[in-house]
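Fold and contact review
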Amino acid sequence: MPLRILATFLSLSWLLWVVLDYFQKHKLYAEAISSNIYLFPLAIALLIPVGAWVAVRRNPSLARYITGASVLVYTLGIFFWLLLLSRADVLVDYPQLVLSPVSFLLTFFKVLCLVLLVLLSAQAMGAWLLDRWTIALPRWLLGHAGLALGLFLFSVLLFVLGALHVFYWFVLIPLMIIPIILRQRHLRELLSRYLFSPLLPKDGMAWYGYVAFAIAALILCIGLAQSVTIYPKGFDALNFYANIPKLTAEGHGLVHGFRPHAWSLIQSIGYTAFDSPEVAHMLSSVGGFLVPLIVYYIGRKQLGFSPAQTFLAICAFVTIPAYTTQLSHELKIDLPLLYLQLVCLSLLLHHLTRGDDRRVLYLIAILLGFCLTIKITSFLLIFGLLVAMWYREGKTGLPMAMFCFILSAILFLRIDRFSGLDYLIGGRYIYASLLVLIGIVVSLNHALADRHYILRRVKQSILIVVIAGAIYTPWAVKNVIECDSPSFDCVLNGAPHSLRMTIKDLKDNYQSSLGQ
Amino acid sequence: MMQYRRYLSALLLLPLSVMCLLAQDTSVREEMQRYIGYEPGTFKYLTLPYDLVMGSNVAGNYIDIGFLLLAMIGLIFLSRIPQKKWHYALVVLGALLYLSMSMHYGRVSLDENLYLSVNQAGFSDAIASMQQSWIDKIVISTYQANELVMGPVWSFISNVFFAVSSKDWVTIPALCIILLGIFLYSNWYLSERKKARAFQLTLAVLACVSFYWFLLSAGVLWYGFIIFILAFLLLIGSYSREYKRAGWIYYIFLAVLLGWGFLGLIYKTSNIYYKSDQPNFIVDPSVWMYYSGAADEDFVHNSYNRNVSAALTELNAHPEAKIYKVGTSFNYLIDKNNERVYEDNLLSFFAQIQKNFRDEEIASVLEASGYKYILIGLKMWSVDSTPEKTLQAKFKDFIGFVESADKLELVATDRRIRMPDGKVQYGMRGGELVDYGYYALYRIR
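All figures in this text were calculated on a predicted structure; none of them were measured in a lab.

Our next topic: the nonpolar core. Residues A:Ala216, A:Cys344, A:Ile364, A:Leu367 and B:Cys208 are the most contacted members of the largest nonpolar core, which totals 280 residues. Considering every element that reaches this core, the biggest residue donor is helix 10 (residues 197-216) of chain B, with 16 residues. Those residues within four positions of B:Cys208 in sequence are excluded, and the remaining contacts are A:Phe383, A:Gly384, A:Val387, A:Ala388 and A:Phe403.

Here we take up the interface of chain B and chain A. Taken together, the contacts link 132 residues of chain B with 137 residues of chain A. Ranked by the residues each element gives to the side of chain B that touches chain A, the list is headed by helix 12 (residues 248-270) of chain B, at 16 residues. Across the side of chain B that touches chain A, the residue classes tally to 87 nonpolar, 33 polar and twelve charged.

Residue and element names in this part refer to chain B. In terms of burial, strand 4 (residues 322-326) is a largely internal element, five of the five residues being buried. Because side chains alternate across strand 4, one face comprises the buried residues Lys322, Tyr324 and Val326, and the other comprises Ile323 and Lys325, equally buried. Pairing geometry for strand 4 and strand 5 (residues 341-343), over three bridges, is parallel. Directly across from Lys325, in strand 5, lies its bridge partner Glu343.

Residue and element names in this part refer to chain B. Residue-level pLDDT values for chain B average 84, and 88% of them are 70 or greater. In the model of chain B, strand 1 (residues 22-23) stands out as the element of lowest mean pLDDT, 34, in contrast to strand 6 (residues 371-377), which has the highest, 96. This prediction of the complex comes with two scores: 0.92 for pTM and 0.93 for ipTM.

Residue and element names in this part refer to chain A. Assigned domains within chain A: domain 1 (34-374) and domain 2 (383-516). Here the C-alpha centroids of domain 1 and domain 2 sit 32 Å apart. Listed by partner, the interface residues are 20 residues for domain 1 and 19 residues for domain 2. Put simply, the parts of the chain that give the side of domain 1 that touches domain 2 at least two residues each are helix 18 (334-353) and helix 19 (358-374). Residue composition of the side of domain 1 that touches domain 2, by class: 15 nonpolar, four polar and one charged.

Okay, unusual backbone geometry next. With phi around 55°, B:Ala218 is a residue other than glycine that occupies positive phi space. Mapped onto the elements, B:Ala218 comes out in the loop between helix 10 and helix 11 (225-242).

Residues and elements named next belong to chain B. Taken in spatial order, the five strands make up an open sheet running 5-4-6-11-7, and their pairing is mixed. The sheet is open, and its two edges are formed by strand 5 and strand 7 (408-413), each paired on a single side. This sheet shows a mean twist of 25° between the axes of neighbouring strands, independent of strand direction. Its contacts with the sheet put helix 18 (residues 359-368) on strand 4, strand 6, strand 7 and strand 11 (439-444), and the angle it makes with strand 11 is roughly 75°.

Another aspect to go through is the sheet that holds strand 10 (residues 432-435) of chain B. Residue and element names in this part refer to chain B. The sheet built from three strands is open, its strands ordered 9-8-10 with antiparallel pairing. Since the sheet does not close on itself, it has two edges, and those belong to strand 9 (424-426) and strand 10, each with one partner. Averaged over all pairs of adjacent strands, the angle between their axes in this sheet comes to 40°, without regard to strand direction. Of the strand pairs in this sheet, strand 8 (residues 416-418) and strand 10 are connected by three bridges, and their pairing is antiparallel. Residue Ile417 lies in a different strand from strand 10, and its bridge partner there is Leu433.

Cut-offs applied
Residues numbered from 1 in each chain as written. Chains lettered and ligands numbered in written order. Predicted model: local features only at pLDDT ≥ 70, side-chain atom pairs only at ≥ 80, totals over all residues. Core = buried A, V, L, I, M, F, W, Y, C linked by C-beta atoms within 7 Å. Buried ≥ 20, exposed ≤ 12 C-beta atoms within 10 Å, placed from the backbone. Helix = DSSP H or I, 4+ residues; strand = E, 2+ residues; numbered from the N terminus. Contact = placed C-beta atoms within 7 Å. Nonpolar A, V, L, I, M, F, W, Y, C, P; charged D, E, K, R; others polar. Pairing = 2+ DSSP bridges. pLDDT = per-residue confidence, 0-100. Domains from an automatic or database assignment. Axes fitted to C-alpha atoms, helices over the stretch in contact; angles between N-to-C directions.

Shown next as structure tokens:
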């Protein structure tokens, strides 16, 4: 008992210290509370789910009105709150602003519809290919895999069109409309499932699940609304992530330089097809909306957590400022990328727990390659998934062997330079070879016991790396063509995106100007 | 038994096989490594989770992951009592040592833009002039007490292992051993609890991606977003399942989570980064006005960067003129920026120019190569967190050149100064500084 009391004391002291230290270093929270004009409507907004839970507890027949509500109903409800949150009473004091929220909301819905058009078109394309492929996946996963695959196909088509410099609205709009027309029945089903079917489960929702859901939904809707702007505020957005789609549209094709930027090509549809920077920006923000959807299914269907636990985890994640900033201010490509990475993880979990299906593995490899073309740092996930693939219940030897192989590859290929930690070891290759040796010894040790398992995993790992590499190849070729002196760095990072200048150029030009 | 012999051999071989050295290029060190910090060797990795939560290395909402993960880990680990008491004693000791180490290398906040380490010169003077809240008093005095008691210990360890700064023999092997430890512990934990295979696999992915992220991403948060969502999912999912009947600790856990959620909502809706005369509406008023037709693009741009339209008008009126850009985020607003902007954000190239030409020549040298404008981010030096302040030194040299060059004339800036006659106007010098500003645009005559 005294130990129990001590444990409670220690855990609470830890909590208290972390909270105190955090707020000492984040003084803006105090300002956020004192300057917030929405505290009351927000509190009311969160009391509604608690009220709904109490009502259902007292009168279970009400459950079908609450848990049976569809995404559409919730979305409308949330936008009702958004309108209310715009604080009409305060706006009255600012005549120049008084009608603005209404015109802003109209623009918001227009942009949202155009973004949905892009996503539906991609989904139609991906679902069509998955149908041909006859991959057996649960319905929810099939929907996400279809969208991810469709976005990949889109990016490939856009790359080809970009290389040909035919990025025009009369090329892109038919490209988007045709899949929708051809797959309208499938899309109707999809829309009715997501917009009109019940969202929340009938059972297993504790009160905190409702509150967590309401907080997450509200913050995502606000983030999405804030992404509608002509001025993306983030430093990287202005210099890169919003800039590349704009330059792509201006030049009607691929731009010189920059790292591989497949998502930026998709974003450039906003400028090229709809002449709307807002659509381009929301195509970044919408990733933040898709992430909780896939996380919900991973938590519920694959990890077996209750809906309330899953909503709690989603709420904890989507409220961190780093996430909400990406959602509406930074407008980078990291949230769509996170969504695609989670689809890959979900497919791998399905592949490893529901029996090996080579076609699912192909799909994972393709999507991982797609992730690489969006941001090269996706190799971190590829490494993680490769190690996990070798994981067998109760045995850590094989994943450790894979870990050694990957670490040696990092040393061989000098990938560590990404982190700015370039090792100066003369014996880099000797150490890397030693790691390979350890990996081989450990895996051979297991291979003697289960040769077939090892061989299958080796083949699968090679397959993933080769396919993902092949998907990356067009971008690698672009990078190499644009670089003066092709190198491994150039394959990964591309040519410099701004003007080039050397001291020699400066000297030569200066000398000639003096001569004149 | 064989299994463990193999682990042991791997454990012994890993440190031998990956003894590495660190090399540092100044621009990479200035820009990328600020996220992971400048602690010696292994400490920069070990303190990273704490630094990330507290914003000790780089502060800003774009890098803020909240306190939940760190708070939850302590809550979960410390509230569980293993069967062997010395295991528990080890966990508690480990947690306290971790806290002490992180505080030794961490910083405290003096205001929202100023962070100082307690062992930094001038710290006492700085806090003496600061108005301290009760939170400040508790936190700062705890940091000072930790420094008094444990500071020499951490300095000693640091000197023993990382005395030769360019030869780091410890970091990578240490990280490998930690990963091996996590693997073995996770394996034991999972076999004890008979978790579902999907859970085991997700944990394996989380452990590996985290390791490679630690090793390769220099602490850049968004490269590892997947780590954080998986950590939240596994921690919350398994904790709330295991501890549902654990009494009031569980309700504290729930209260902290939902309290954080509500706080996050308040933070998001307060929109405090948008500074204007109006109350902080959810959507920036200038954007609202733009969509209702009450404002134009220039108005929106100026609402984020005062007077920026003056610079943009000039730059976009001469689409053939090249621009030498040092800092600022204006690329998006400059037409054909990929064809005419040279970016020297960390002044690496300028340092080379200075080595090859005299300061009086530089403007003419740039002009001879077709450059007509120099666009300067006045706060670009502020990203410099290096102990050596290399970027600040380079910026000082650069500004020295700009201010002394006769061939440069100021076109536009948002810096405001009060002139001797009392009038406040945009300008770089000649009066008392009212507002430091964000940018300045010069034209080469």
